[in-house]
Amino acid sequence: MLDAAKIKQDFPILAKLVYGKPLVYLDNAATSQKPSSVIQTLVDYYEGYNSNVHRGVHALSMESTQRYEEAREKIARFIGSPGSENLIYVRNTTEGINLVANTWARANVNDGDEILTTEMEHHSNLVPWQQLAKARNATLRFIPVTDEGTLDLSNIDSLINHRTKLVAMTHMSNVLGTINPVKDLTAKAHAVGAHVLIDAAQSVPHLPVDVTHLDCDFLAFSSHKMLGPTGIGGLYVKSDTLEQMEPFLTGGEMVQEVTFEGATWNDLPMRFEAGTPNIAGSIGLGAAVDYLEALGMENVHQHETEITQYALQALKELAEEFTFYGPTDPARRGGIVSFSSPHVHPHDLGTILDQAGIAIRAGHHCAMPLVRDRLGVAATARASFYIYNTTEEVDLLVTTLKDALRYFSKSLSLP
Ligand SMILES: Cc1ncc(COP(=O)(O)O)c(C=O)c1O
């Protein structure tokens, strides 16, 4: 079990007062806070060995190249990748998915093919496939979401069929908290010869994730959601697929030989990393991985399961006023609780909570089709937890929500 109160001390921003009140940060699904060790790693880079990678023969460049590649090895190991050449540095999950859409998918998805995704995707794992389907005259199909907020797999054997070229699905929903059975679905997709992309933006930061065990072809994640800096993330690609992929962006760094007429490509994975990369960010993400590994990802997941169950239990008091979304089974959900009320707009709730120092997210969470069309609301309020959140913070959330409800709807008979 993690000691969240102790962990909190590693995060300078969590000592901050907001409107004179201690900050309670419950917007971790949007981005996480950063421990001192990650912040110091960035400072050390800029103060100690800032220089470009893979080019210089001088001491600073050799040091930055070594740390940059060591970080890649560490991050690759963290997600169970068989080698570091399978891990492409990208800016974030969105860029990783777009890279796949613009390279492998453009070359392999053709007229009449199907791309299967789900009704619970973030726009990042939906819009690139809409664009690709239009460009390649392919059909985009959806695994429906049940009323409980899980994937409805009753029709899966017809949804995954011989026309399916790609299954692109989220490992964990950023709205519902649902953890999807991605390993089973990957096996089904492979059985018909389809490739599988996993949007792991919400899973790599919170659960043990092993790409070899999942057997997926692509997996994308963002550093900023897992204690690391912004502007860096990872795209894992399985070796046989990676070797066949043509470059995405072209220019410096990704070439081996250039003539006036043409160019040959650099080794993997540099072939997919055109231009000067986010060197500090990559090394900073390596430091974030060190921090998470020291805690143990099983422990991280367990802590979040416990705090989510505590929150769901405590929030039951407000069950008459709020609809809560997502599975009831703790084994099927991560540390995200979304809710809405017919009487109070989530933005108003967010503003009242903010006055109490509590940061939550209100809106469609970049999943408009799910929130608006499937859940049938314009927006939800969302509290999302991480390693530094405590049960006392959940208690404060519940008390402040009660105050907010009293304020907005004086006629409600609330405890
Ligand atoms: C499930 C999911 N996918 C993709 C993204 C996009 O991540 P990024 O903005 O870091 O590219 C997010 C961010 O909230 C997310 O929650």
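Residues numbered from 1 in each chain as written. Predicted model: local features only at pLDDT ≥ 70, side-chain atom pairs only at ≥ 80, totals over all residues. Heavy atoms only, no water.

## Section: the pairing of strand S9 (residues 218-222)
Phase 1 of the analysis: Of all five residues in S9, five are buried, a share of seventy percent or more.
Phase 2 of the analysis: Of the two faces of S9, the one lined by Phe218, Ala220 and Ser222 and the one lined by Leu219 and Phe221 are each fully buried.
Phase 3 of the analysis: Looking at chain direction, strand S8 (residues 195-199) and S9 are connected through three bridges and run parallel. Pairing of Ile198 across the sheet is with Leu219, part of S9.
Phase 4 of the analysis: Two elements, S9 and strand S10 (residues 233-237), share five bridges in a ladder whose sense is antiparallel. Within S10, the position partnered with Leu219 by the bridge is Tyr236. (Buried < 20%, exposed > 50% of the residue type's maximum accessible area, 1.4 Å probe, protein only. Helix = DSSP H or I, 4+ residues; strand = E, 2+ residues; numbered from the N terminus. Pairing = 2+ DSSP bridges.)

## Concerning the sheet that holds strand S6 (residues 139-143)
Phase 1 of the analysis: With mixed pairing, the seven strands of this open sheet are ordered in space as S4-S10-S9-S8-S7-S5-S6. The sheet terminates laterally at strand S4 (87-90) and S6, the two strands that pair on one side only. Within the sheet, the average angular offset between the axes of one strand and its neighbour, ignoring direction, is 20°.
Phase 2 of the analysis: With five bridges connecting them, strand S5 (residues 114-118) and S6 associate as parallel partners. Along S6, the bridge assignment pairs Glu114 with Thr139. (Axes fitted to C-alpha atoms, helices over the stretch in contact; angles between N-to-C directions.)

## Regarding the site of the ligand
Phase 1 of the analysis: Near the ligand you find 14 residues, and of these Thr94, Asp199, Gln202, Ser222 and Lys225 are the closest.
Phase 2 of the analysis: In this structure, Gln202 approaches the ligand through a side-chain N or O atom, which is 2.7 Å from an oxygen atom.
Phase 3 of the analysis: Lys225 is positioned such that a nitrogen or oxygen atom in its side chain is 2.6 Å from an oxygen atom of the ligand.
Phase 4 of the analysis: Tallied by class, residues from the shell around the ligand come to two nonpolar, 10 polar and two charged. (Near = heavy atom within 4 Å. Polar contact = N/O pair within 3.5 Å; in protein donor to acceptor, adjacent residues only side chain to side chain. Nonpolar A, V, L, I, M, F, W, Y, C, P; charged D, E, K, R; others polar.)

## Let's talk about the sheet that holds strand S17 (residues 380-384)
Phase 1 of the analysis: Across the sheet, which stays open at both edges, the four strands sit in the order S13-S14-S17-S16 with antiparallel pairing between neighbours. The outermost strands of the open sheet, each flanked by one partner alone, are strand S13 (323-325) and strand S16 (361-363). Direction aside, the axes of adjacent strands within the sheet are offset by 25° on average.
Phase 2 of the analysis: As defined by bridge partners, S16 adjoins S17 across three bridges and the pair is classed as antiparallel. Across the sheet, Ala362 pairs through a bridge with Ala381, a residue of S17.

## Remarks on the pairing of S4
Phase 1 of the analysis: Both faces of S4 are covered, namely the face carrying Leu87 and Tyr89 and the face carrying Ile88 and Val90.
Phase 2 of the analysis: When S4 meets S10, the two strands line up antiparallel, connected through four bridges. Residue pairing across strands places Val90 opposite Gly233, the latter belonging to S10.

## Details of the packing of helix H2 (residues 36-49) against helix H10 (residues 279-295)
Phase 1 of the analysis: H10 packs onto H2 with a crossing angle of 145° between their chain directions and a minimal axis gap of 8 Å. Where H2 crosses over H10, the two elements pack in a sense that is right-handed. Packed against H2, whose contacting residues are Ser37, Val38, Thr41, Leu42, Tyr45, Tyr46 and Tyr49, the element H10 presents Ile279, Ala280, Gly281, Ile283, Gly284, Ala287, Ala288 and Tyr291 at the interface.
Phase 2 of the analysis: Considered class by class, the residues forming the contact of H2 with H10 number 11 nonpolar, four polar and no charged. (Left-handed = near helix turned anticlockwise from the far one by under 90°. Contact = heavy atoms within 4.5 Å.)

## Points about the pattern of salt bridges
Phase 1 of the analysis: Overall, the coordinates contain 19 salt bridges when judged by the stated rule.
Phase 2 of the analysis: The salt bridge involving Lys74 is made with Asp290; its shortest N-O contact spans 2.9 Å. You can see Lys74 sitting in helix H3 (residues 59-78) and its partner Asp290 sitting in helix H10, a full 216 residues away along the chain.
Phase 3 of the analysis: Taking relative accessible area as the criterion, Lys74 reaches 21% and is therefore assigned partly exposed.
Phase 4 of the analysis: Here Asp290 falls in the partly exposed class, since its relative accessible area comes to 37%.
Phase 5 of the analysis: Residues participating in the shared-partner salt-bridge network are Asp27, Arg361 and Arg382. (Salt bridge = Lys/Arg side-chain N within 4 Å of Asp/Glu carboxyl O.)

## A look at H10
Phase 1 of the analysis: End to end, H10 covers 25 Å across 17 residues, agreeing with the expected 24 Å (1.5 Å per residue, within 8%).
Phase 2 of the analysis: Here H10 lies mainly inside the structure; 14 of its 17 residues are buried.
Phase 3 of the analysis: A distance of 2.7 Å separates the backbone nitrogen of Gly281 from a side-chain oxygen at the start of H10, and that oxygen is part of Asn278.
Phase 4 of the analysis: Remark: Gly296 follows H10 within two positions and exhibits a positive phi of approximately 90°. (Expected span 1.5 Å × (residues − 1).)

## Things to note about the domain arrangement of the chain
Phase 1 of the analysis: For the chain, the domain assignment lists domain 1 (4-30 + 296-408) and domain 2 (38-293).
Phase 2 of the analysis: At the interface, 38 residues of domain 1 touch 35 residues of domain 2.
Phase 3 of the analysis: If you look at where domain 1 meets domain 2, you find two salt bridges.
Phase 4 of the analysis: Notably, a salt bridge pairs Asp147 with Arg374, separated by 2.9 Å at the nearest N-O pair.
Phase 5 of the analysis: Linking domain 1 to domain 2 there are 19 residue pairs in polar contact (both at pLDDT 80 or more).
Phase 6 of the analysis: Among the elements of the structure, helix H11 (297-315), strand S14 (336-340) and helix H13 (368-374) are those that each provide at least two residues to the side of domain 1 that touches domain 2.
Phase 7 of the analysis: Here the side of domain 1 that touches domain 2 is built from residues that sort into 21 nonpolar, nine polar and eight charged. (Domains from an automatic or database assignment.)

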